[in-house]
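Descriptive analysis of the structure
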Amino acid sequence: MSLRTRINSFTPWVNLRVKPYGMALNNVIMDLLSGTNMKALVESLTGRELKNVKSFDGLTNQQKITRMEWIVKELRTCKLIPEDVYVDTRMVAMRGADHVFEFLWRLVSHDIWFVWERAEFLQHDDEILVSLQFKWIPEPPPKQKKKKTKSKQSLLSGFGSASVVSEEVPDQDVSEEPMSYDPFPGSDIMKQWKAKRPKHFPPPEECILEFVNTHLKMSKDGRQLHCMSLDDLVDSRVLCLLVNSFVPNTFTPLVLLNDRWTINLCLRTAEKMFYCSSPFDSEDLAEADPMSVGAYFGFFFMIGYKFRQCKAVITRLGST
């Protein structure tokens, strides 16, 4: 598998994450550690401002490594990277391709599991789908009020600065109990639609296959197909029916040849419908390993479900 394929697989997911910040990357390896792209990616995952990390431009190698250590610590704090998972921050900061993609795959896996928990809710076509907003950027945590202090002068403590004593002023408006914080309001209701919830998340590749096979069953032609592995996604019939599950009657799989031209047609059509773009094409799909395929289709289903919900909202508004 070529480096180009991995770059084309992961770049769309990163762009989906940083788009709300007005950013877009052409090459995830070269651009992620330029400017404030990494800062925007991390903030889109945590919902928290990364105050100690600014632009990566103009930094020495050691400064970049230090900031990557801060970033990994922040991601661990927010439980996006497990404590027992090692991240070589030095190699990531030096743009070591394998280490960068392993680091990104941990974050992509988090998003795939995020969608997997809400998949049954997002696959509805009725009013249930529009009852709660589907979004992947968490709400920022509430700002805690600073404790007020006042200074008074004590004659028993001498003169000058030594005589000034600070004491806390109780604030009647601040509750002593910590404020409840829900980064995704209503997420528990979304998750209730999943009938079977195992103790541990299944592998991300299995989650993608579950999405694909569920969407194939949404049409008569799709019920005759079943994907056993991610390699089956090179079948253009599968891609045609996936697009049809979001926008019915877009393609007629029996008419189109099962070739790379059809695969590219499906990918470009879906991206135009979802108002996004990516360099991922049939060559990448044929060469990609499970991690790369998972990264692209994690992006595909995130943006696809967002499109599905937006379309349902417009349909509902049109009927009122």
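Computed from a predicted model, the values in this text were never measured in an experiment.

1. Structural notes on helix 1 (residues 3–18)
Its 16 residues place the ends of helix 1 22 Å apart at the C-alpha level, agreeing with the 22 Å of an ideal helix rising 1.5 Å per residue. The largest bend in helix 1 comes to about 25 degrees, at threonine 11, with the proline proline 12 one to four residues further on. With 14 of its 16 residues buried, helix 1 lies for the most part within the structure.

2. Some remarks on the pattern of salt bridges
A complete count under the given rule lists 14 salt bridges for this structure. Note that arginine 118 is salt-bridged to glutamate 117, the shortest N-O span being 3.6 Å. For the residue pair arginine 118 and glutamate 117, the accessibility class agrees, reading buried in each case. Taken together, the shared-partner salt bridges in this structure form one network comprising Arg4, Asp281 and Asp284.

3. Things to note about the side chain of lysine 191
As for its position among the elements, lysine 191 is in helix 7 (residues 187–191). Residue contacts for lysine 191: discarding those within four places in its chain leaves Glu117, Arg118 and Arg197.

4. Thoughts on the packing of helix 8 (residues 204–216) against helix 12 (residues 290–319)
Closest axis-to-axis distance for the helix 8/helix 12 pair is 10 Å, and the angle between their directions is 45 degrees. The angle between helix 8 and helix 12 places the two elements in the oblique class. Relative to helix 12, helix 8 is oriented so that their crossing is left-handed. Facing helix 8, whose interface residues are Glu205, Ile208, Phe211, Val212 and His215, helix 12 presents Pro290, Gly294, Phe297, Gly298, Phe301, Tyr305 and Arg308. Within the contact of helix 8 with helix 12, the residues separate by chemical class into seven nonpolar, three polar and two charged.

Thresholds applied
- Residues numbered from 1 in each chain as written.
- Predicted model: local features only at pLDDT ≥ 70, side-chain atom pairs only at ≥ 80, totals over all residues.
- Heavy atoms only, no water.
- Helix = DSSP H or I, 4+ residues; strand = E, 2+ residues; numbered from the N terminus.
- Expected span 1.5 Å × (residues − 1).
- Bend = angle between axes of the 7 residues up to and from the residue.
- Buried < 20%, exposed > 50% of the residue type's maximum accessible area, 1.4 Å probe, protein only.
- Salt bridge = Lys/Arg side-chain N within 4 Å of Asp/Glu carboxyl O.
- Contact = heavy atoms within 4.5 Å.
- Axes fitted to C-alpha atoms, helices over the stretch in contact; angles between N-to-C directions.
- Parallel < 35°, antiparallel > 145°, perpendicular 65-115°, else oblique.
- Left-handed = near helix turned anticlockwise from the far one by under 90°.
- Nonpolar A, V, L, I, M, F, W, Y, C, P; charged D, E, K, R; others polar.

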